[in-house]
Amino acid sequence: MSARLRVNPIACEAHGLCAELLPELIRLDDWGYPIIDESEVPRELLGLAQRAVDVCPTLALLLDED
Amino acid sequence: MSGWLEGHPGLPRLLAGLENTGGGPMTLAEHSRVHGELPRRSASELIGAIERSGLRGRGGADFPTAQKLRTLAGAKRVSAVVVNGSETEPASGKDRLLLSRLPHLVLDGAMLAAQAVGAPEVIVQIGKSTLGSLQALEGALAVRPVDPVPVHLVAAPEGYVAGEESAVMHYLNDGRPLPTFVPPRPFQRGFRGRPTLIQNPETLAQVALVARFGERWYRELGTDADPGSALVTISGAVAAPGVYELAFGTPMTDLVEAAGGATEPMRALLVGGYFGTWVDAVQAMRLRLAREDLRSVGCSLGSGVLIVLGQSECGLHESARVIDYLARQSAHQCGPCTYGLRAIADSVGALAAGVAHERERDRVLRWVAEVRGRGACHHPDGAVRFVTSALAVFGKEIESHRRGRCGARPARLPIGGPTVRQTAVAARRQ
């Protein structure tokens, strides 16, 4: 499976859990909103990416399968 | 294919006959006299002609119109054709000119589009304050012979982002004029949750002409890559600001001349409106009204807005006011837009006021790169494009502002809601 991360910027409320879990692909801007690496998620990070999606309190983080 | 009417030679095309309407809307009789009766065209005939004409959308995205029509024609249960007459760009006047003065031309195009995509309804959305458009459309609908599908007029709120197509759908569906997270886009799921064709009024007016006169006529003006004519709203330091119809390929110098010429030596031109790009005047005067020329300096025509900045005016101050306006016009739904544009606007304001160190500019450039592409709609993208070009063209003036040496006149670009500009008819003929 290949997949990419995407955020719904309207739903996102800058809780920042995603960047805590997955700093390899997600960093926060000066206001705490995630800047996401939208290239293909490396295989070894797929599990963490799915976890980041699952823990987002506003369900704003999405993992799109290509 | 046959049965084309004889088209207008040269310019004007869309604005043909406008000088004889006494400032009011063109009557149906006059409209028929100027352009001829609207012929019947099958969907494939119309879409084929539009495709060969090379017509692209005039709302700012430049998308090939035939491709959009074909997609919708192949979709099931299309809900409507929406004419997006919001025109929330303060420096644009072309859509209001078309809707208030040439309503039959736009309605003809909407009917053709509705038949081509099998839409059971046409919705014309305009801004709440544009009473001239509302009255002209109501008057036009009252006298038109029965159109094949019903037309509904909707007057919507007028914030800058309210004209964005997902915001138009949102308003029609839920009464909230705010952009939504896309996809789905309107052609996938729009009005009533079904595929919807949304088009700019000028695009539909051009469709109404191509349906009458054919693609060969359409391509008589313009360049191979950019055929036809376009409406351009020209304002700023020109003698006769207004809406002009010009052929693609026209040199920028001729555009400025069409608007009465510059009233003072030019400093820069803002191409494409507030989502657009500042171009140094010397560089701009080497360009033509053509996508390839504009792309070479990193800009596009957008919705057809051109603003001339004179040398006695201050690009930094003007830009600071515009980016502040754009930050306030954010729908405040997405964090990067809400906070990022505010921060950028405050910093640019400080640079223009001469109270920030020049290094503040580096911070702005970092934010610009970070904010781009991170909103649900393209509001932050357009705003940072504007800021990037402002810093590129007027960046050298930051230091003189810091030393208190800007002697330019106060800013005057229109902000804070649509400004109805004096409108003029294209004077240029080929």
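Residues numbered from 1 in each chain as written. Chains lettered and ligands numbered in written order. Predicted model: local features only at pLDDT ≥ 70, side-chain atom pairs only at ≥ 80, totals over all residues.

## Side note on the overall build of chain A
- Within chain A, the secondary structure is distributed over two helices and four strands.
- Radius of gyration (C-alpha) of chain A: 11 Å, near the 11 Å computed for a compact globule of 66 residues.
- Within chain A, the proportion of its 66 residues that are buried is 30%.
- Long-range contacts, defined here as pairs at least 24 residues apart, represent 60% of the contacts in chain A between residues at least 6 apart. (Helix = DSSP H or I, 4+ residues; strand = E, 2+ residues; numbered from the N terminus. Rg over C-alpha atoms; globule rule 2.2 N^0.38 Å. Buried ≥ 20, exposed ≤ 12 C-beta atoms within 10 Å, placed from the backbone. Contact = placed C-beta atoms within 7 Å.)

## Some points on the overall build of chain B
- Counting its regular elements, chain B contains 16 helices and nine strands.
- For 430 residues, the compact-globule estimate of 2.2 N^0.38 gives 22 Å, and chain B sits close to it at 21 Å.
- Viewed in the frame of its principal axes, chain B has a C-alpha envelope of about 65 × 45 × 35 Å.
- By the burial criterion, 56% of the 430 residues in chain B qualify as buried.

## Focus: the interface of chain A and chain B
- Counting from both sides, the interface comprises nine residues of chain A and, opposite them, ten residues of chain B.
- Per-class residue counts for the side of chain A that touches chain B are seven nonpolar, one polar and one charged. (Nonpolar A, V, L, I, M, F, W, Y, C, P; charged D, E, K, R; others polar.)

## Structural notes on the nonpolar core
- With 139 residues, the main nonpolar core has B:Val81, B:Ala113, B:Val117, B:Leu269, B:Ile323 and B:Val387 as its most contacted residues.
- Two domains each provide a minimum of three residues to this core, namely domain 1 (18–218) and domain 2 (315–402) of chain B.
- Excluding anything up to four places from it in sequence, B:Val117 contacts B:Leu69, B:Leu72, B:Ala73, B:Val78, B:Val81 and B:Leu197.
- Core analysis: the next-biggest nonpolar cluster, separate from the first, contains 16 residues, A:Leu5, A:Leu22, A:Ile26 and A:Cys56 among them. (Core = buried A, V, L, I, M, F, W, Y, C linked by C-beta atoms within 7 Å. Domains from an automatic or database assignment.)

## What about the packing of helix 4 (residues 94–101) of chain B against helix 6 (residues 131–143) of chain B?
All names here are of chain B.
- Where helix 4 contacts helix 6, the two axes come as close as 7 Å, and the packing angle between them is 35°. Note on packing geometry: the crossing formed by helix 4 with helix 6 is left-handed. Contacts from Arg96, Leu99, Ser100 and Arg101 in helix 4 reach Gly132, Ser133, Ala136 and Leu137 in helix 6. (Axes fitted to C-alpha atoms, helices over the stretch in contact; angles between N-to-C directions. Left-handed = near helix turned anticlockwise from the far one by under 90°.)

## Considering the domain arrangement of chain B
All names here are of chain B.
- Taken domain by domain, chain B comprises domain 1 (18–218) and domain 2 (315–402).
- Taken together, the contact between domain 1 and domain 2 spans ten residues of the former and seven residues of the latter.
- Residue composition of the side of domain 1 that touches domain 2, by class: six nonpolar, three polar and one charged.

## Quick notes on the environment of B:Ala205
All names here are of chain B.
- Checked against the element boundaries, Ala205 lands in helix 8 (residues 201–218).
- Separated by 155 residues in the primary sequence, Ala205 and Ile50 place their C-alpha atoms 12 Å from one another.
- Look past the residues within four positions of Ala205 in its chain and what remains in contact with it is Leu14, Leu98, Leu102, Leu105, Val106 and Gly109.

## Here we look at the sheet that holds strand 8 (residues 277–280) of chain B
All names here are of chain B.
- One open sheet accounts for five strands, arranged 6-5-9-7-8; its pairing is mixed. Each edge of the sheet is formed by a strand with only one pairing partner; in this case those strands are strand 6 (242–247) and strand 8. Going from strand to strand, the sheet's axes swing by 30° on average, the running direction of each strand aside.
- Here six bridges tie strand 5 (residues 229–236) to strand 6, and the two strands are oriented antiparallel to one another. Bridging from a neighbouring strand, Leu231 pairs with Glu245 of strand 6.
- Lying on the sheet, helix 15 (residues 379–394) is in contact with strand 7 (266–271) and strand 8; it crosses strand 8 at an angle near 20°. (Pairing = 2+ DSSP bridges.)

## Section: the packing of helix 13 (residues 335–353) of chain B against helix 14 (residues 360–371) of chain B
All names here are of chain B.
- The N-to-C vectors of helix 13 and helix 14 enclose an angle of 155°; their axes lie 10 Å apart at closest approach. It follows that helix 13 is roughly antiparallel to helix 14 by the angle criterion. Like other packed secondary-structure pairs, helix 13 and helix 14 cross with a definite hand, here left-handed. Here Pro336, Gly340, Leu341, Ala343, Ile344, Ser347, Val348, Ala350 and Leu351 of helix 13 come into contact with helix 14, specifically with Glu360, Arg361, Arg363, Val364, Trp367, Val368, Glu370 and Val371.
- Here the contact of helix 13 with helix 14 is composed, by residue class, of eleven nonpolar, two polar and four charged. (Parallel < 35°, antiparallel > 145°, perpendicular 65-115°, else oblique.)

## Some words on the sheet that holds strand 2 (residues 122–127) of chain B
Residue and element names in this part refer to chain B.
- Spatially, the four strands line up as an open sheet ordered 3-2-1-4, and their pairing is parallel. Of all the strands in the sheet, just strand 3 (151–156) and strand 4 (196–199) have a single pairing partner and so form its edges. Adjacent strand axes in the sheet meet at a mean angle of 20° when their direction is disregarded.
- Sheet analysis places strand 1 (residues 80–85) next to strand 4, joined by four bridges and oriented parallel. The residue of strand 4 that forms the bridge with Val81 is Leu197.
- The strands that helix 5 (residues 103–117) touches are strand 1, strand 2, strand 3 and strand 4; relative to strand 1, the one it contacts most, it runs at about 150°.

## Points about helix 4 of chain B
- The buried count for helix 4 of chain B comes to eight of eight residues, which makes it a mostly enclosed element.
- Taken residue by residue, helix 4 of chain B has B:Lys94, B:Asp95, B:Arg96, B:Leu97, B:Leu98, B:Leu99, B:Ser100 and B:Arg101 as its buried positions.

## Here we look at the confidence of the model for chain B
- Mean pLDDT over chain B works out to 92, with 95% of the residues at or above the 70 mark.
- Across residues 417–430 of chain B the pLDDT falls below 50, and counting only partners more than four positions away or on other chains, this stretch makes 48 contacts in the model. (pLDDT = per-residue confidence, 0-100.)

## Some words on unusual backbone geometry
Residue and element names in this part refer to chain B.
- Cis geometry marks the peptide bond from Leu11 to Pro12, where omega comes out at 0°.
- Residues Val182 and Pro183 are joined by a peptide bond in cis, for which omega reads -10°.
- Checked against the element boundaries, Pro183 lands in the loop between helix 7 (165–174) and strand 4.
- In this structure, Glu87 takes a positive phi of about 40° despite not being glycine.
- Classification of Glu87 as buried rests on a count of 26 C-beta atoms within 10 Å.

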